[in-house]
Structure formats: structure tokens, C-alpha cells
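A structural walkthrough
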Amino acid sequence: MALVKLSTLLRGIRDNSYAIGSFNVSNMEMVMGAIRAAEELNAPIILQISEGRLSYSPLHLLGPIMIHGAKAAAVPVAVHLDHGVSMETIRLALELGFTSVMFDGSKRPIEENIAMTKEVKAMASWYGADVEGEIGCIGGAEGTYSAEELITRTEEAAYFAEETKADALAVAIGTVHGHYHGAPNLRIDRLKEIADVVSCPLVLHGGSGISPADFRRCIHNGIKKINIATSSYEAVSAHVKQISHEKEDATYFDFSSAAAAGTYENVKRHIAIFGTNGKV
Ligand code: 13P
């Protein structure tokens, strides 16, 4: 099918019945596992890599694998830069052919966040690509936890979306990146309020560790893109550990297959929860 734009996938969701999974990948095996899962379930997906992980997986090496994987896939696949913070990295992703980039200015004062997101939007438009912005501050790997003051304010989300014309908007509603300490306290009330006044598709970060029921509540109340990273990395590690435990003479190629299989299983499970199967 093909490499597609983020906006094509997100704007194609006409009701609140499903969301598109956006899966972080770090190597070729993870790209292969994610695409295999999407193809088997006839589901559109997004492949993404976060700027914070580029020291392990350089963008100029992994980016082309993501793009070529998407182009050869039998389902629509968007390729996205997650948590872009530097203009150099964002420009490189666009040069490589990523169909969208996130600019994460969430720790900056709102006016600065808006000004820089607009700058990224202008750059991305030149490449025909889309932009995801963030308002509020999602905790965990970003260095903080979602205390009340970090939850996205409805009026700020509306102002940010209007000013930046972002194609997708990440909101902080109580999820955190990485592991949860205790049960997540999701602010569905706030999500509902934001979705009522913002027409731009909303994004949920920190998807690992959220229950299927909570995912569905988020989707029914306006979330259109859901990011999953930690649980895929854990599934890969578990599969690699299992093969080394079960097979004393396991080779590099066994580990390579295990990495693809771990990603495949986790992506497949989430596609089914998000209701994206059969949505091509
Ligand atoms: P998790 O690592 O919690 O799944 O979060 C993923 C994410 O939001 C990437 O931006």
C-alpha cells in the first residue's frame, strides 16, 4: 500500500470508534515486526522514533529503513519523528522523507512553544509533511510526573491549536512515559472538554501500562493517535531472554527473529485493543 501522511490516517477516523497506534521502533527487526502485525490485521499504523533514542539508532541509518518498510508495506504506514526538540533533527527527518514530525516545546512558556511549533509547521509544509505539537506536560521519561498543574488546560489547548494549525496535538491527561507508580489517574473529564473545543486530532502519549478499558475510554472521548514504546521494548527483551534461556546454542539470528517476534506480538495486541484491525 504505501507511505502515507499522518493527517490522512487521523482525518480518516470519522467517529470515535478507533485510534491509530503509533509504535516506537529502534532497529530493522522492530520495523519488520510492527509492519507484519499491521499487515496481518489489515490495519494502518504509524512507525516512529524519538529524538531521545537516536544515540542508539542514528536517524540517517534507521530513518531510511522505516521509510522503505512503509513504502513496501501492504497497508498504509505513516513515518513520524517522536519528541523532536532540535531543528537539525527535525530537518533531517523531513529530508529523509518522514511524513510527519513532532515538535515538543511543552516545557517552554506557551508563547515560545507556539512560535517554535509555527516555525516547524512552516518547515514541514515545504516538505509536504505534518506536525504534532504538545501542550501540557506528559510525565515520566520527560522528567516529571503528571501533577495537576501539568495537565493540559482546555483554553490553552484551544489557543495552541488555533495559533499553530498543528495537524495533531499531544495532550497531558494523566498518562506518563514508561512505568506507572500505582494505577494511572486518567482525566477523561479534561479530555472530553478539550475534544469539544479542539478540532485537531488528539494524541495520547505514555500508552504502555494503560488498561484496554482505559484505552477505549480515551478513544471514545476523542483520542485518535496512541503512542506505544516501553511495552514493545519489554516484549523484545522478554523474547530475547526466553530464547537464550531455552536454547543454549542460540545464534545471533535467533535473537534477531526474537526481536521481530516480540514487537509483532505487542503491536498486534495493541492494534486489536485500539480497534484498528480491518480499517485499511
Ligand atoms: P510509553 O513508553 O509509555 O509507551 O510511551 C510512549 C510514548 O508516548 C512515546 O512518545
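Quick note: structure is the one above.
Residues numbered from 1 in each chain as written. Predicted model: local features only at pLDDT ≥ 70, side-chain atom pairs only at ≥ 80, totals over all residues. Heavy atoms only, no water.

Along the protein chain, the regular secondary structure elements total ten helices and nine strands. Scaling as 2.2 N^0.38, a compact globule of 280 residues should have a C-alpha radius of gyration of about 19 Å, and the protein chain matches this with 18 Å. Projected onto the principal axes, the alpha-carbon positions of the protein chain cover approximately 60 × 40 × 35 Å. Considering only intrachain contacts with a sequence separation of at least 6, the fraction spanning at least 24 residues in the protein chain is 73%. Approximately 11,800 Å² of the protein chain is accessible, and the part contributed by carbon and sulfur atoms is 54%. Taken together, the 25 basic and 33 acidic charged side chains of the protein chain have centroids lying 5 Å from each other. (Helix = DSSP H or I, 4+ residues; strand = E, 2+ residues; numbered from the N terminus. Rg over C-alpha atoms; globule rule 2.2 N^0.38 Å. Contact = heavy atoms within 4.5 Å. Areas by Shrake-Rupley, 256 points an atom, 1.4 Å probe, with all protein chains shown as cover. Lys, Arg positive; Asp, Glu negative; His and termini not counted. Charge placed at Lys NZ, Arg CZ, Asp CG, Glu CD.)

So, on to the nonpolar core. Leu47, Met66, Phe98, Leu169 and Ile226 are the most contacted members of the largest nonpolar core, which has 69 residues in total. Among residues more than four places away in sequence, those in contact with Leu169 are Gly133, Glu134, Ile135, Ala157, Phe160, Ala161, Val198, Cys200, Pro201, Leu202 and Val203. (Core = buried A, V, L, I, M, F, W, Y, C linked by side-chain atoms within 4.5 Å. Buried < 20%, exposed > 50% of the residue type's maximum accessible area, 1.4 Å probe, protein only.)

Our next topic: the pattern of salt bridges. Tallied over the entire structure, the rule returns 13 salt bridges. Between Glu162 and Lys165 there is a salt bridge, with the nearest N and O atoms lying 3.4 Å from each other. Overlapping salt bridges bring together Arg36, Glu40 and Lys268 as one network. (Salt bridge = Lys/Arg side-chain N within 4 Å of Asp/Glu carboxyl O.)

Turning our eyes to something else, we now look at the site of the ligand. Inspection of the region around the ligand gives 14 residues, with Asp82, Gly206, Ser208, Ala229 and Thr230 positioned closest. Protein chains shield 96% of the accessible area of the ligand, which is 300 Å² for the free molecule. For the shell around the ligand, the secondary structure elements donating two or more residues are β4 (76-84) and β9 (223-228). Its residues placed into classes, the shell around the ligand shows three nonpolar, ten polar and one charged. (Near = heavy atom within 4 Å. Nonpolar A, V, L, I, M, F, W, Y, C, P; charged D, E, K, R; others polar.)

Buried residues dominate β9, accounting for six of its six residues. As paired strands, strand β8 (residues 202-204) and β9 are joined by three bridges and run parallel to one another. In the sheet register, Val203 faces β9, and the bridge partner there is Lys225. Between the parallel pair β8 and β9, the chain is carried across by helix α8 (residues 212-220), and the sense of this crossover is right-handed. (Pairing = 2+ DSSP bridges. Right-handed = clockwise from strand over helix to strand, strands pointing away.)

A few words now on the environment of Ala2. Structurally, Ala2 can be placed in strand β1 (residues 2-3). Setting aside anything within four residues of it in sequence, one finds Ala2 in contact with Ala70, Lys71, Ala73, Val75, Pro76 and Val77.

Its 17 residues place the ends of helix α9 (residues 230-246) 24 Å apart at the C-alpha level, agreeing with the 24 Å of an ideal helix rising 1.5 Å per residue. Taken together, the buried positions of α9 are occupied by Thr230, Ser231, Ser232, Ala235, Val236 and His239. (Expected span 1.5 Å × (residues − 1).)

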